[in-house]
Amino acid sequence: MLDMKRIRENPEEIRRGIANKNERDRLDELLAFDARRREIIVEVESLKNTRNTVSQEIARLKKAGEDASGRIAEMRRVSDRIATLDAELRETERGIESIAWHIPNMPHPSVPIGRSSAENVEVRRWLPDGVLGLTAAAEGLLDHMELGRRLGILDFERGAKVSGSGFPLYTGKGASLERALINFMLDLHIEHHGYTEVFPPFLVNSAAMRGTGQLPKMQEDMYRCADEDLYLIPTAEVPITNIYRDEILSADELPISLCGYSACFRREAGSYGKQTKGFLRVHQFNKVEMVKFTTPDASYEALETLVRDAEDVLRALRIPYRVILLCTGDMSFASSKTYDIEVWSPGESAWLEASSCSCFEDFQARRANIRFRPTPKSKPEFVHTLNGSGLATSRLMVSLLENNQTREGSVVVPEPLRPYTHFDTIG
RNA sequence: GGAGAGGUGGCAGAGUGGUUGAAUGCGGCGGUCUCGAAAACCGUUAUACCCGUUUCGGGUAUCGAGAGUUCGAAUCUCUCCCUCUCCGCCA
């Protein structure tokens with residue numbers, strides 16, 4: 001959600017932003033609604049002022065035992081007119097909302113302008129020694145599905161039987177490894193990066209979905225309960241960011257850094273034909289999410305820290321990765337600036353997105369109405385929100401299994417995970 | 001799922017048709033007092049939107065949400081939502 005005043009005063013700036021984000025431009029329609037809205041307000045509020053004043057007069061007349069029927073008849077006509085105008089005002093505001101909720105966040109000036117992922121910019125990469133397939137020979141390497149099958153740790157067929165394709169089933173040491181990864185990442189962020197852990201609900205209401213920007217635009221991408229106003233979360237960003245919806249925080253509480261585990265559910269409607277095998281694109285996966293609430297002056301510095309916090313996981317596990325700065329056209333609806341972290345998959349000979357770290361400035365805060373008082377006396381302002389995956393396990397698991405496989409077909413568990421798994425190798 | 005109670009400002013809590021944006025208390029902020037602090041006392045303290053001669057002034061709305069009755073609704077009526085307690089069921 002953008003500030004209506006900002007749209008009114010800088011329509012061309014907003015128009016550019018919408019175009020750069022490959023979104024539909026309905027600004028002229030919006031501005032017409034906005035002008036009409038203010039026209040109605042001027043008229044209706046002056047009528048209400050009359051009504052309030054005269055109503056008090058009527059009260060005085062009645063108390064004094066005098067006749068007020070003339071004034072009452074007059075006010076009946078005024079009230080009728082008010083009712084008509086109020087109805088039109090509601091209609092106009094509905095029109096404004098139907099457009100305004102679909103206007104994307106504006107990209108930060110540091111974001112490269114581009115139409116697709118081809119114009120994203122690689123910021124840095126980190127490769128441990130002897131990365132398979134990228135700096136060393138790839139022959140004879142197995143991909144994660146083959147490894148999972150041979151080692152008996154992943155069972156995609158039975159997962160599909162139970163739920164459908166895209167619902168992975170982890171078995172034995174695979175399940176333990178998954179759980180170890182989650183706990184390792186949470187502990188790292190809590191103990192070394194200063195986050196407070198939360199364990200959020202996995203179903204949220206529509207107000208929460210609107211708050212972070214999933215609704216109304218992404219309706220088709222989400223699982224929704226038929227009989228209740230509840231959606232399965234596509235990311236823990238939604239419940240965690242909405243923790244402070246409709247609240248006014250005090251400045252000394254900020255920044256707030258939360259992290260939490262959740263399962264994530266995505267319909268991925270319309271993504272058939274893209275990379276869908278194995279773990280590459282699934283309907284349910286696990287993720288540790290980091291969320292920050294900051295003052296407006298601190299948000300972009302916080303974004304850099306957030307990315308580093310996610311990278312630390314990969315460095316500790318010695319997983320090769322690169323950091324990508326997304327161009328305007330590849331960024332999500334709500335984001336001002338996004339870094340993706342991609343891990344190397346020797347099995348696919350491809351980089352896989354395992355994390356997305358974004359600054360939303362006050363876009364989500366406006367929608368979710370999350371504010372803070374800079375000083376105890378000052379007016380509330382919107383906070384800035386950020387979030388990043390730290391990280392999603394499914395593609396991380398792909399990279400972990402494939403990069404740690406031996407020529408004998410077993411997988412070596414990275415040292416930092418062993419206190420959690422209680423085993424060193426699989427197979 | 002059944003029965004009951006309740007939703008009012010940052011919090012607690014009055015208020016059952018007419019200067020009630022809302023008593024009172026707590027908290028916050030400013031001040032007096034003090035070497036300083038505490039206590040006490042005094043003052044102040046919601047948010048959003050609209051208009052204008054725009055660090056200021058005026059107006060409108062908001063007492064869970066929506067609709068209705070009325071000249072006028074926190075207050076009366078209806079619908080919905082939420083929270084709590086008890087019972088049932090259940091990990």
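In case you missed it, the structure is sitting above this.
Okay, so let's go over this structure. Quick caveat: nothing in here was measured; it's all calculated off a predicted structure.

## A look at the nonpolar core
Most often, soluble globular proteins have nonpolar side chains that are buried together.
Stage number 1. Of all hydrophobic cores here, the largest spans 61 residues; its most connected members are Leu 177, Phe 279, Leu 303, Leu 314, Leu 401, Leu 417 and Ile 426.
Stage number 2. When near neighbours in sequence (up to four residues on either side) are disregarded, Leu 177 contacts Met 397, Leu 400, Leu 401, Val 413, Leu 417, Thr 421, Phe 423 and Ile 426.
Stage number 3. Formed by 18 residues, the second largest nonpolar core is a distinct cluster that contains Ile 96, Met 106, Phe 333 and Phe 360.

## A closer look at the pairing of strand E7 (residues 284-294)
Stage number 1. Counting buried positions along E7 gives 10 out of 11 residues, so the element sits mostly inside the fold.
Stage number 2. Across 7 bridges, the pairing between E7 and strand E13 (residues 384-392) is antiparallel. Bridging from a neighbouring strand, Glu 289 pairs with Ser 389 of E13.

## Some points on the packing of helix H2 (residues 11-20) against helix H3 (residues 27-63)
Stage number 1. Close contact between H2 and H3 brings their axes to 11 Å; oriented N to C, the two are set at 145°. Judged by the twist between their axes, the crossing of H2 over H3 is right-handed. Facing H2, whose interface residues are Pro 11, Ile 14, Arg 15 and Ile 18, H3 presents Leu 27, Asp 28 and Leu 31.
Stage number 2. Partitioning the contact of H2 with H3 into residue classes produces 5 nonpolar, no polar and 2 charged.

## Some words on unusual backbone geometry
Stage number 1. The linkage connecting Leu 215 with the following residue, Pro 216, adopts the cis geometry, with an omega of 5°.
Stage number 2. Assignment of secondary structure puts Pro 216 in the loop between helix H8 (206-212) and strand E4 (231-232).
Stage number 3. Note the cis peptide between Gly 390 and Leu 391, where omega equals 0°.
Stage number 4. Among the structural elements, Leu 391 can be located in strand E13.

## A short note on the protein's contact with RNA strand B
Stage number 1. Taken together, 25 residues lie near RNA strand B, and Arg 37, Glu 45, Arg 76, Arg 373 and Lys 377 sit nearest.
Stage number 2. Backbone sugar and phosphate groups make up 76% of those atoms of RNA strand B lying within 4 Å of the protein.
Stage number 3. At a separation of 3.0 Å, a phosphate oxygen of RNA strand B approaches a polar side-chain atom of Asn 49.
Stage number 4. Here a phosphate oxygen of RNA strand B sits 3.0 Å away from a polar atom, N or O, in the side chain of Ser 79.
Stage number 5. Of all the secondary-structure elements, those providing two or more residues to the surface near RNA strand B are H3, helix H4 (69-100) and strand E11 (370-373).
Stage number 6. The leading source of residues in the surface near RNA strand B is H3, at 13 residues.
Stage number 7. When the residues that make up the surface near RNA strand B are grouped by side-chain class, the tally is 8 nonpolar, 4 polar and 13 charged.

Quick notes on the rules
Residues numbered from 1 in each chain as written. Chains lettered and ligands numbered in written order. Predicted model: local features only at pLDDT ≥ 70, side-chain atom pairs only at ≥ 80, totals over all residues. Heavy atoms only, no water. Core = buried A, V, L, I, M, F, W, Y, C linked by side-chain atoms within 4.5 Å. Buried < 20%, exposed > 50% of the residue type's maximum accessible area, 1.4 Å probe, protein only. Contact = heavy atoms within 4.5 Å. Helix = DSSP H or I, 4+ residues; strand = E, 2+ residues; numbered from the N terminus. Pairing = 2+ DSSP bridges. Axes fitted to C-alpha atoms, helices over the stretch in contact; angles between N-to-C directions. Left-handed = near helix turned anticlockwise from the far one by under 90°. Nonpolar A, V, L, I, M, F, W, Y, C, P; charged D, E, K, R; others polar. Near = heavy atom within 4 Å. Polar contact = N/O pair within 3.5 Å; in protein donor to acceptor, adjacent residues only side chain to side chain.

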